[in-house]
Amino acid sequence: MSRLGYSASFEQFHPSDLLRWCQLAEQEGFDSVLAADHFHPWTPEQGQSGFVWAWLGALGVTTRLRFGTGVTPPIGFRYHPAIVAQAAATLEAMFPGRFWLGLGAGEALNEHIVGRYWPEPAERIRMLIEAIEVIQKLFTGNVVRHEGTYFKVESAKLYTRPDVPPPIIVGTAGPYMAKKTGQLCDGLLTPGANDEKLRLLLSRFEEGARAAGKDPKRMPRMIQVHVSWAETDEQAIENALREWPNGGMAFPKGDIRNPEDFQAMARLVRPEHFQGRVLIASDLDRHGEYLQHLIDLGFTEIYVHNVGRNQEEFIRAYGRFVIPHLRWPADAPVAQATSPSLDRTGL
């Protein structure tokens, strides 16, 4: 079974196009989808910002792929954690064993729209940890009353629930939250980075899991990578500069509020700024070697985002020349709830 996933960029593409490409990705050997949860694109030129939760049900009905959000911030701006729990439970109830809940601390780009003060990173992490606690309480099916530092829940109960709750996967790029993720949740999702940082994050995740009495070898370890593939290196570079300049910005972006601000900064991005951040190559062997290296580092699922508009060509090229040559450990876990019930959609 392939453990390579397609990264659906809601910042760039119309939801109907993404649905069609996910169906093609399934035919070409991808086995899962990471769906971005954005209110705004990074730059105005990217041009889209569909509501991912409305789309996920359509994905579940029209494919057999596993899927999850990459990532939803349940920290009380766009979403209260109780609403995230209800949405996640509904999807897993409809598509047993196929949905995983990807959570993260979010960015001001999407969350400032509600007009509240945007907290510092350390506070956002504390909010995320408390939100995860609320979601896990609701997944039990018990009546939940919660009065914490950041959230209040008054006699709430999820009546529509799956037999087994969906796995909670936390997106993080920092060692502190990587360790907390191992302790509290079911799996890790991190963006591509250098080997030293990736090894550190995996080590901290495993440390946290062992501290909680869990076996990290049985827990999903996901990574999302950005690539720019085209027929020529020149076109791949042009695609990256035009479509994904934010990939060449080597600084924290969580506090930047508007696509227009990213647009202004994009004028400073040069091809060399993508080094180590976006793989830009027309040679598909280089893509395969890059992904195989991540597998060998210990990642159990890889989600690939091709930054160009050439999505159909990319999916077909990967299906023919990359996916068949990847070598995965036979016992590598995937983010999948184990449920005995039948798929109630009839698929």
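In case you missed it, the structure is sitting above this.
Structural notes, computed from the coordinates. All values derive from a computational prediction rather than experimental measurement. (Residues numbered from 1 in each chain as written. Predicted model: local features only at pLDDT ≥ 70, side-chain atom pairs only at ≥ 80, totals over all residues. Heavy atoms only, no water.)

## Comments concerning the packing of aromatic side chains
Reasoning step 1: This structure, assessed with the given rule, holds twelve aromatic pairs.
Reasoning step 2: Taking 5.3 Å as the distance between ring centres and 85 degrees as the angle between the ring planes, the aromatic pair formed by W42 and F262 counts as edge-to-face. Of the two residues, W42 is situated in the loop between β2 (32-35) and α2 (52-62) and F262 in helix α9 (residues 259-266); the sequence distance between them amounts to 220 residues.
Reasoning step 3: Assessed through its relative accessible area of 9%, W42 is described here as buried.
Reasoning step 4: A relative accessible area of 0% places F262 in the buried class.
Reasoning step 5: Feature note: the residues Y6, F30, F314 and Y318 constitute an aromatic cluster, connected by ring pairs.
Reasoning step 6: Its end group placed over the ring of F77, R116 keeps NZ or CZ at 4.4 Å from the ring centre.
Reasoning step 7: The ring of F251 is capped by K253, whose NZ or CZ atom sits 5.8 Å from the centre of that ring. (Phe/Tyr/Trp six-rings, centres within 6.5 Å; stacked < 30°, edge-to-face > 60°. Helix = DSSP H or I, 4+ residues; strand = E, 2+ residues; numbered from the N terminus. Buried < 20%, exposed > 50% of the residue type's maximum accessible area, 1.4 Å probe, protein only. Lys NZ or Arg CZ within 6 Å of the ring centre and 35° of its normal.)

## Side note on helix α10 (residues 284-297)
Reasoning step 1: Taking 1.5 Å per residue as the helical rise, α10 with its 14 residues ought to reach 20 Å, and the 20 Å between its terminal C-alpha atoms agrees with that figure.
Reasoning step 2: Taken residue by residue, α10 has L284, H287, G288, L291, Q292, L294, I295 and L297 as its buried positions.
Reasoning step 3: Each element contacted by the buried residues of α10 is listed here: β1 (4-8), α7 (195-211), β9 (221-228), β10 (278-280), β11 (301-306) and α11 (311-321).
Reasoning step 4: Here α10 starts with a cap whose side-chain oxygen sits 2.9 Å from the backbone nitrogen of D285, and that cap is D283.
Reasoning step 5: Phi for G298, located one or two positions after α10, is positive at around 125 degrees. (Expected span 1.5 Å × (residues − 1). Contact = heavy atoms within 4.5 Å. Polar contact = N/O pair within 3.5 Å; in protein donor to acceptor, adjacent residues only side chain to side chain.)

## Some words on the pairing of β1
Reasoning step 1: In terms of burial, β1 is largely enclosed, as five of its five residues are buried.
Reasoning step 2: Where burial is concerned, the two faces of β1 agree: the one with L4, Y6 and A8 and the one with G5 and S7 are both buried.
Reasoning step 3: The pairing of β1 with β11 spans three bridges and is classified as parallel. Directly across from L4, in β11, lies its bridge partner I302.
Reasoning step 4: Two strands pair when backbone bridges link them, and β1 and β2 are joined in this way by four bridges, in the parallel orientation. Counted as the bridge partner of S7 is L34 from β2.
Reasoning step 5: Each parallel crossover has a hand, and the one from β1 via helix α1 (residues 15-27) to β2 is right-handed. (Pairing = 2+ DSSP bridges. Right-handed = clockwise from strand over helix to strand, strands pointing away.)

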